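Geometric and topological summary
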Amino acid sequence: MRILYCALDQRVPGTLGGSVHVQAVAEGLAARGHEVHVAAQSAGASPAPGVTWHDARPPFGRPELRWMRTRSMTSLAREIRADAIIERYYNFGGEGVLAASRLDIPAVLEVNAPVVDYPGSAKARIDRGLVVEPMRRWRDRICRRVDLFVTTTADILPAWVDRARVLEIEWGADVDHFRPAKTPRVVPHGGRIQCVFAGAFRSWHGVVHLAAALARLHAAGDERFGATFIGDGPERPVVERVARDLPGITFTGAMPHDRLPAALAAGDIGVAPFDPSRHAPLRLGFYWSPLKIFEYMAVGLPVVAPALPRLARLVESSVEGMLYDPIEPRALDRALVALADDVVRRRMGLAARDRVVRDFSWTAHCAALDARLRALAA
């Protein structure tokens, strides 16, 4: 099939999860025999067999104006003789779905964020204040033209969507590039067990909780742990302040994704201390499919994360890592201490690697998506 993949708000290559996702899906579908054309902010994207990058951006650089690119996406799809269009969902998108509707070809909507409004949403209040609810009506209009929704959970879709049109699936890790270190380290960094956090420093990523846990352990005399913080974002100054006087702490800043496998594999414990209370849309439930957790597992790191129901489906506590109660003040500290033994970490890391290869690779994701695309075409 010839597939047009619309992701105009994403910069590829990039350091954020969205750009990683778009590149992985495009290359994964191409590896399964499709001809994939990607419309994204892709100047400088590395060529891959079967993938053609089209540098396309929202008007004036504003993602909320993506819908204005409907005509150009229709022209591009007609030019490449697309058999289907995949659009990465954005609140004010719809350019790919509408183009597919105009050309009478299947439309696939990849949903990474809620289509429905969360309780207390300011956007919903504005919509109701405008009486006719233009934003909700626009989203509903787009959704009615979608042949297949690809999402981690149907709970973030309108309740009227037929579940037969939904593929619930996890995102994934590139298990060929994210691999355990060839020679497992016996002596940790500077004699310390190195915790690793990788991602955007946003409040709901909870990275300050890792710094605070290390500070508490240090104050109590336990200096066995250090940390590498990979990434950047608005919370970084807060984290740096909390970790200022701690030994064995490194901040790398944002890192190109092709350097991340080696950086993660050099660690001992992958930490994902999410704090859903800091992100209002998560009142709908933890709908993320966290790339960082899959990539930690792929390089053979045991994972430490809060014991949220969704994360418990991805990481089995005491088998592939340690899940902790986020309500208990020192639960994260105890989870780290439980992984202080080299043998325990190595056993859980191997189990984590096996699990992600089996269940959470981009190869597995694209195989499921490929099957549904071919069914649509048929």
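Residues numbered from 1 in each chain as written. Predicted model: local features only at pLDDT ≥ 70, side-chain atom pairs only at ≥ 80, totals over all residues. Heavy atoms only, no water.

**Points about the overall build of the protein chain**
- For the protein chain, the helix and strand inventory stands at 13 helices and 13 strands.
- On C-alpha atoms alone, the protein chain measures out to a radius of gyration of 21 Å, which is about the 21 Å that the 2.2 N^0.38 rule sets for 378 residues.
- Its C-alpha atoms give the protein chain principal-axis dimensions of about 65 × 50 × 35 Å.
- Across the 378 residues of the protein chain, 53% fall into the buried class.
- Of all intrachain contacts in the protein chain linking residues separated by at least 6 positions in sequence, the fraction that spans at least 24 positions is 67%.
- On the protein chain, roughly 16500 Å² of surface is accessible, and the fraction owed to carbon and sulfur atoms is 53%.
- Between the averaged position of the 49 positive side-chain charges in the protein chain and that of its 42 negative side-chain charges there is a distance of 3 Å. (Helix = DSSP H or I, 4+ residues; strand = E, 2+ residues; numbered from the N terminus. Rg over C-alpha atoms; globule rule 2.2 N^0.38 Å. Buried < 20%, exposed > 50% of the residue type's maximum accessible area, 1.4 Å probe, protein only. Contact = heavy atoms within 4.5 Å. Areas by Shrake-Rupley, 256 points an atom, 1.4 Å probe, with all protein chains shown as cover. Lys, Arg positive; Asp, Glu negative; His and termini not counted. Charge placed at Lys NZ, Arg CZ, Asp CG, Glu CD.)

**Quick word on the nonpolar core**
- Core analysis: the largest hydrophobic core is formed by 94 residues, its most contacted members being Phe-229, Val-304 and Leu-336.
- Counting residues per element, this core draws most heavily on helix α6 (residues 207-219), which supplies 7 residues.
- If near-sequence neighbours (up to four positions away) are discounted, Val-304 is found in contact with Ile-269, Gly-270, Val-271, Ala-272, Met-322, Tyr-324, Leu-332, Ala-335, Leu-336 and Leu-339.
- Counting residues in hydrophobic clusters, the runner-up holds 30 residues, among them Ile-3, Val-38, Trp-53 and Leu-373. (Core = buried A, V, L, I, M, F, W, Y, C linked by side-chain atoms within 4.5 Å.)

**With respect to the sheet that holds strand β5 (residues 107-111)**
- The parallel open sheet is built from 7 strands, whose spatial order is β3-β2-β1-β4-β5-β6-β7. Strands with a single pairing partner mark the edges of an open sheet, and in this sheet they are β3 (51-55) and β7 (166-168). Averaged over neighbouring strand pairs, the angle between their axes works out to 20° when direction is ignored.
- Bridge count between strand β6 (residues 148-151) and β7: 3 bridges; the pairing is parallel. In the sheet register, Val-150 faces β7, and the bridge partner there is Leu-167.
- Helix α2 (residues 70-80) rests against β1 (2-11), β2 (35-41), β3 and β4 (84-88) of the sheet, and its axis sits at about 145° to β1. (Pairing = 2+ DSSP bridges. Axes fitted to C-alpha atoms, helices over the stretch in contact; angles between N-to-C directions.)

**Some words on the pattern of salt bridges**
- Taken as a whole and judged by the stated rule, the model has 23 salt bridges.
- For the salt bridge of Arg-66 with Glu-87, the shortest nitrogen-to-oxygen distance reads 3.1 Å. One end of the pair, Arg-66, is in the loop between β3 and α2; the other, Glu-87, is in strand β4, with 21 residues separating them in the sequence.
- In this structure, the salt-bridge partner of Arg-334 is Glu-328, at a minimum N-O distance of 2.4 Å. (Salt bridge = Lys/Arg side-chain N within 4 Å of Asp/Glu carboxyl O.)

**Observations concerning the sheet that holds strand β11 (residues 269-271)**
- One open sheet holds the 6 strands; their spatial order is β10-β9-β8-β11-β12-β13, and the pairing between them is parallel. Where the open sheet ends on each side, the last strands, each with one partner, are β10 (249-253) and β13 (321-324). Averaged over all neighbouring strand pairs, the angle between strand axes comes to 20°, with direction disregarded.
- As defined by bridge partners, strand β8 (residues 193-198) adjoins strand β9 (residues 225-230) across 6 bridges and the pair is classed as parallel. What sits directly across from Phe-197, in β9, is Phe-229.
- Most of the contacts of α6 go to β9, to which it runs at about 160°, and overall it touches β8, β9, β10 and β11.

**Thoughts on the packing of helix α1 (residues 17-31) against helix α13 (residues 362-377)**
- Remark: α1 packs on α13, axes separated minimally by 9 Å, with the N-to-C direction vectors making an angle of 60°. The pairing of α1 with α13 is recorded here as oblique in orientation. Handedness of the α1/α13 crossing: right-handed. Residues His-21, Ala-24, Val-25, Gly-28 and Leu-29 of α1 pack against Trp-362, His-365, Cys-366, Leu-369, Asp-370 and Leu-373 of α13.
- When its residues are assigned to classes, the contact of α1 with α13 shows 7 nonpolar, 3 polar and 1 charged. (Parallel < 35°, antiparallel > 145°, perpendicular 65-115°, else oblique. Left-handed = near helix turned anticlockwise from the far one by under 90°. Nonpolar A, V, L, I, M, F, W, Y, C, P; charged D, E, K, R; others polar.)

**Considerations on helix α12 (residues 342-359)**
- The terminal C-alpha atoms of α12, which comprises 18 residues, lie 26 Å apart, in line with the 26 Å expected from a rise of 1.5 Å per residue.
- Buried residues of α12: Arg-345, Met-348, Gly-349, Ala-352, Arg-353, Arg-355 and Val-356, and no others. Within α12, the buried residues cover an arc of 165° as seen down the axis, which keeps them to one side. Residues Val-343, Leu-350, Asp-354 and Arg-358 are exposed on α12 and point more than 90 degrees away from its buried face.
- Each element contacted by the buried residues of α12 is listed here: β8, β11, α9 (291-298) and β13.
- Here α12 starts with a cap whose side-chain oxygen sits 2.9 Å from the backbone nitrogen of Val-343, and that cap is Asp-341. (Expected span 1.5 Å × (residues − 1). Arc of directions from axis to C-beta. Polar contact = N/O pair within 3.5 Å; in protein donor to acceptor, adjacent residues only side chain to side chain.)

**Topic: the packing of aromatic side chains**
- One pass over the structure, following the stated rule, counts 10 aromatic pairs.
- With a centroid separation of 5.5 Å and 85° between ring planes, the pair formed by Phe-286 and Trp-288 is classed as edge-to-face. The exposure classification of Phe-286 matches that of Trp-288, with both residues buried.
- Among the aromatic residues, ring-to-ring pairing joins Trp-204, Phe-274, Phe-286, Tyr-287 and Trp-288 into one connected group.
- Residue placement shows Arg-144 over the ring face of Trp-160; its charged tip is 4.6 Å from the ring centre. (Phe/Tyr/Trp six-rings, centres within 6.5 Å; stacked < 30°, edge-to-face > 60°. Lys NZ or Arg CZ within 6 Å of the ring centre and 35° of its normal.)

**Comments concerning a positive patch on the surface**
- On the surface, a cluster of positive charge is contributed by Arg-71, Arg-102, Arg-141 and Arg-145.
- Accessibility expressed as a relative area gives 68% for Arg-71, which makes it exposed. (Patch = residues over 30% accessible without salt bridge, like charges linked within 9 Å, V, L, I, M, F, W, Y side chains within 5 Å.)

**Side note on the pairing of β4**
- Along β4, 5 of the 5 residues are buried, which leaves the element largely enclosed by surrounding structure.
- Of the two faces of β4, the one carrying Ala-84, Ile-86 and Arg-88 and the one carrying Ile-85 and Glu-87 are both buried.
- Bridge analysis of β4 against β5 gives 4 bridges, and the strand direction is parallel. Bridging across to β5, Ile-86 finds its partner in Val-108.
- Crossover β4 to β5 through helix α3 (residues 95-103) is right-handed. (Right-handed = clockwise from strand over helix to strand, strands pointing away.)

Everything listed is a geometric property; what it means functionally is a separate question.
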